[in-house]
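# What the coordinates show
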Amino acid sequence: MKKTRSKNVNLTNLKLLFYELTKQNSLDYFTSMMNVIHISAECYPIAKVGGLADVVGALPKYQENSGVKAMVVMPFYDNAFTRKHQFKKIAEAEISLGEKTYAYQILRLKKNTLSIEVTFINVPELLFKDYVYSDDDTERFMAFQIAALDWILSLKQKPSIIHCHDHHTGLIPFMLQECYRYKELNQIPTILSIHNAQYQGWFPHDLMHYLPAFDISHNGLLDWDGVINPLAAGIKCAWRVTTVSESYMEELQQDANGLESLLSHERDKCVGILNGIDTSVWNPETDDMLTKNYSINNIQTGKTANKKWLCKEFGFSLSKPLFAFIGRLVYEKSADLLPEVIDKALSEKNCNILILGSGDKAIEQQLEELKLKHPTNYNKCIGYDEQLSHRIYAGSDFLLMPSRVEPCGLNQLYAMQYGTIPIVHSTGGLKDTVTDVKDDGFGFRFDHVSVQDCLDTIQRAVTYYEETPNLKNIRKTMMKVDHSWDASAKKYNDLYKSIKTS
Ligand code: ADP
């Protein structure tokens, strides 16, 4: 089993010369059954901010189904889930960040009602908060990562793979490789999955002393552009790097918020694996958050019942096509274009629009104000509402996703699973999963992010809605496509195995 090493190739970019990985011996950690530990800041249904939670809540289940034992390690937050459940302490200890010492406990559910095994790290002073991310992320996630590795160090049976997710766990591959304290673990292969390269967890060099001791001459592994960059450190030190779609992997070579040259340099150890969806959660036939369950056999009545509920709740007429947007109100999602798109679309086109999301305060404000101008065919819910999101996927006719950046995008997969037609900008995972109706697909795509392109595509969709006598057929075909995790979980398992045999 070998690690793919970074090479000191002839690059003008000095940043890349900082790191040349030390030689490692081959050692086979694989027992008859691989066991992987996923380390993540989010996991559905425990704590969710976005798609990361959905992935980490689902992938381990599907891996278990295909013969890989998988567990999740995550922070213990002060949230609805932890308040509702009882936990038992399985270990406790202390960690230090610089001069400060923090007590922590390792917790498990007293009665595990989840279909995955989760180990919680509780650092009461830092992690036990009613939010997942905020301004104090550096200390919080540093403590989380160190406590997680200390705990793994204490395990009798070590994992075969440590799978890290996003920058919150990006220092783990570095610590395993470099910190003296984790020498015993440094043959365990690490995978870093990049769910979103926009966020990198930067912090200044003067906080480097939070990390357990390592050879300071290797500190270039932590640095990118003069600051500590946990995502970059993860990319440099992980044995393999994955992103959540093949197209996003390609796009990152050109546009990765400053990490383009690093990702190009490391491209041999990078692979794009498309996310799937957890069909035990996202299935209109069994989803208990819907007002009426349905399948391809009663799609028309099922979707109409759900649309009726939405129309009643938000004051829309049932006869017009309903367009919805669900997501973070940020630039990446092109949320800044939404107010103008909505205003123009509702002035010119025969449709209703519903928004569910939160984020940028100025955009939230504009979306609130639009309600005064379009009281009958526009509405919004500013905030986060899991149940409402399920009802919107089920009851809408079209789902808008004009995202500038969409590493994979899960919303379009949920929409298709619920027979709702996605309207997407051709980028990242949206490009890999949505084919336009004019190419015999189930969606509408546009190539440039602009208000006009969004409006033209909405018009195309309205015309399609009005002129297609039987939308049932396209919905049926769309719902038959298998977007479940089965195939992708197998690709992750194969990736693990390829490390073993390479
Ligand atoms: P990202 O992780 O970039 O936010 P994804 O498409 O990967 O985007 O995943 C978004 C997930 O978050 C989906 O499950 C979506 O339904 C959910 N989501 C986003 N915003 C909201 C919201 N305001 N209320 C409920 N669910 C939301």
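Quick caveat: nothing in here was measured; it's all calculated off a predicted structure. The residue numbering used here restarts from 1 in each chain and proceeds along that chain's sequence as written. Whole-chain, interface and lining totals are the exception, using all residues; otherwise, since this is a predicted model, local features are given only for residues with pLDDT of at least 70 and side-chain atom pairs are given and counted only at 80 or more. With hydrogens and water stripped out, all remaining heavy atoms of the structure feed into the side-chain values.

Time to look at the overall build of the protein. Looking only at helices and strands, one finds 16 helices and 17 strands in the protein. Taking 23 Å as the expected radius of gyration for a compact globule of 502 residues, we find that the protein reaches 23 Å, a close match to that expectation. Here the C-alpha coordinates of the protein stretch approximately 65 × 55 × 40 Å along the principal axes. Residue contacts are counted whenever heavy atoms from the two residues lie within 4.5 Å of one another. Nonlocal contacts in the protein, meaning residues at least 24 apart in sequence, comprise 71% of its contacts between residues at least 6 apart. Think of it this way: any DSSP run of H or I at least four residues long counts as a helix, any run of E at least two long counts as a strand, and we number them from the N terminus. A radius of gyration in this sense is built from C-alpha atoms; the matching globule rule multiplies 2.2 Å by the number of residues raised to 0.38.

What follows covers the packing of aromatic side chains. Each pair of aromatic rings is reported with the distance of its centres and the angle of its planes. The aromatic pairing rule takes the rings of Phe, Tyr and Trp, using the six-membered ring of Trp, and pairs them if the centres are within 6.5 Å, calling planes under 30 degrees apart stacked, those over 60 edge-to-face and the rest tilted. A complete count under the given rule lists 16 aromatic pairs for this structure. With a centroid separation of 6.2 Å and 65° between ring planes, the pair formed by Phe 398 and Phe 444 is classed as edge-to-face. Of the two residues, Phe 398 sits in strand β15 (residues 398–401) while Phe 444 sits in strand β17 (residues 444–446), which places them 46 residues apart along the sequence. Categorising residues by exposure relies on relative accessible area from a 1.4 Å probe, with only protein chains included: less than 20% of the type maximum marks a residue as buried, more than 50% marks it as exposed, and the intermediate range marks it as partly exposed. Looking at Phe 444, the relative accessible area reads 1%, which means it is buried. An aromatic cluster is defined as three or more aromatic residues linked by ring pairs; in this entry it consists of Phe 323, Phe 398, Phe 444, Tyr 464 and Tyr 465. One Lys or Arg, Arg 140, reaches over the ring of Phe 141 and ends 5.5 Å from the middle of that ring. Definition used: whenever NZ (Lys) or CZ (Arg) falls within 6 Å of the ring centre and also within 35 degrees of the ring normal, the charge is taken to sit over that ring.

Turning our eyes to something else, we now look at the domain arrangement of the protein. Bring the parts together and some accessible area is lost; that lost area is often taken as the interface size. Note that domain bounds follow an automatic or database assignment of domains. Taken as a whole, the protein is organised into domain 1 (34–278 + 486–500) and domain 2 (296–481). A separation of 33 Å is found between the C-alpha centroids of domain 1 and domain 2. On the domain 2 side, the residues contacting the 19 residues of domain 1 number 17 residues. When two components associate, each loses some accessible surface as probed by a 1.4 Å sphere; the sum of these losses over both components is called the buried area. Regarding the contact of domain 1 and domain 2, the summed buried area is about 1500 Å², with carbon and sulfur atoms giving 57% of it. The salt bridge criterion pairs a side-chain nitrogen of Lys or Arg with a carboxyl oxygen of Asp or Glu, the two atoms within 4 Å. For the pair domain 1 and domain 2, the interface holds two salt bridges. Where Lys 48 meets Glu 386, a salt bridge forms, and the shortest distance between an N and an O atom there is 3.3 Å. Whenever two N or O atoms come within 3.5 Å, that pair is a polar contact, provided that in protein one can donate a hydrogen and the other can accept it, and provided that, for residues adjacent in sequence, both atoms are side-chain atoms. Counting every contact that joins domain 1 to domain 2 gives eleven residue pairs in polar contact (both at pLDDT 80 or more). When residues of the side of domain 1 that touches domain 2 are traced back to their parent elements, those giving at least two are α1 (51–65) and α6 (246–252). Sort the elements by how many residues they give to the side of domain 1 that touches domain 2 and α6 lands first, with four residues. When residues are grouped by polarity, Ala, Val, Leu, Ile, Met, Phe, Trp, Tyr, Cys and Pro land in nonpolar, Asp, Glu, Lys and Arg in charged, and all others, Gly among them, in polar. Residues that form the side of domain 1 that touches domain 2 fall into these classes: seven nonpolar, eight polar and four charged.

Once that is clear, we can look at the site of the ligand. Nearness here has a simple test: a residue counts as near a molecule or strand if at least one of its heavy atoms is within 4 Å of that partner. If you check the shell around the ligand, you find 19 residues, and the closest are Lys 48, Gly 51, Asp 54, Lys 333 and Tyr 393. Between the ligand and Lys 333 there is a distance of 2.8 Å, counted from an oxygen atom to a side-chain nitrogen or oxygen. Measuring from an oxygen atom of the ligand, one finds a side-chain N or O atom of Tyr 393 at 2.7 Å. Those elements giving two or more residues to the shell around the ligand turn out to be α1, β12 (322–329), β13 (352–359), α11 (386–395) and α12 (411–417).

The next point concerns the packing of helix α9 (residues 338–348) against helix α10 (residues 361–373). Think of each axis as a best-fit line through the C-alpha atoms, taken over the contacting stretch in the case of a helix, with angles from 0 to 180 degrees between the N-to-C directions. At a minimum axis separation of 10 Å, α9 and α10 run at an interaxial angle of 15°. On the basis of their axis angle, the class for α9 and α10 is roughly parallel. Once α9 is placed against α10, the crossing between them reads as right-handed. Contacts from Leu 338, Pro 339, Ile 342 and Asp 343 of α9 reach α10 at Gln 366, Leu 367, Leu 370 and Lys 373. In terms of residue class, the contact of α9 with α10 is built from five nonpolar, one polar and two charged. Relative orientations are named as follows: roughly parallel for angles under 35 degrees, roughly antiparallel for angles over 145 degrees, roughly perpendicular for angles from 65 to 115 degrees, and oblique for any other angle. Left-handed describes a crossing whose near helix is turned anticlockwise from the far helix by less than a right angle; the clockwise case is right-handed.

Scored from 0 to 100, pLDDT reflects the predictor's confidence in each residue. Scored by pLDDT, the protein comes out at a mean of 93, with 93% of its residues at no less than 70. Segment residues 4–31: pLDDT under 50, and 66 contacts once partners within four positions in sequence are set aside and those in other chains are kept.

Right, let's get into the pairing of strand β5 (residues 117–122). The buried fraction of β5 is high, at five of six residues. Whether two strands pair depends on DSSP finding at least two bridges between them. Inspection of the sheet shows strand β2 (residues 69–75) paired to β5 by five bridges, in the parallel sense. In the strand pairing of β5, Met 71 is matched with Glu 117.

For the pair helix α3 (residues 137–154) and helix α4 (residues 171–178), interaxial distance at closest approach is 10 Å and the crossing angle is 45°. The pairing of α3 with α4 is recorded here as oblique in orientation. The two elements α3 and α4 meet at a crossing, and its hand is right-handed. Between α3, through Met 142, Gln 145, Ile 146 and Leu 149, and α4, the contact on the second element is made entirely by Leu 171, Ile 172, Met 175 and Leu 176. Among the residues making up the contact of α3 with α4, the classes are represented as seven nonpolar, one polar and no charged.

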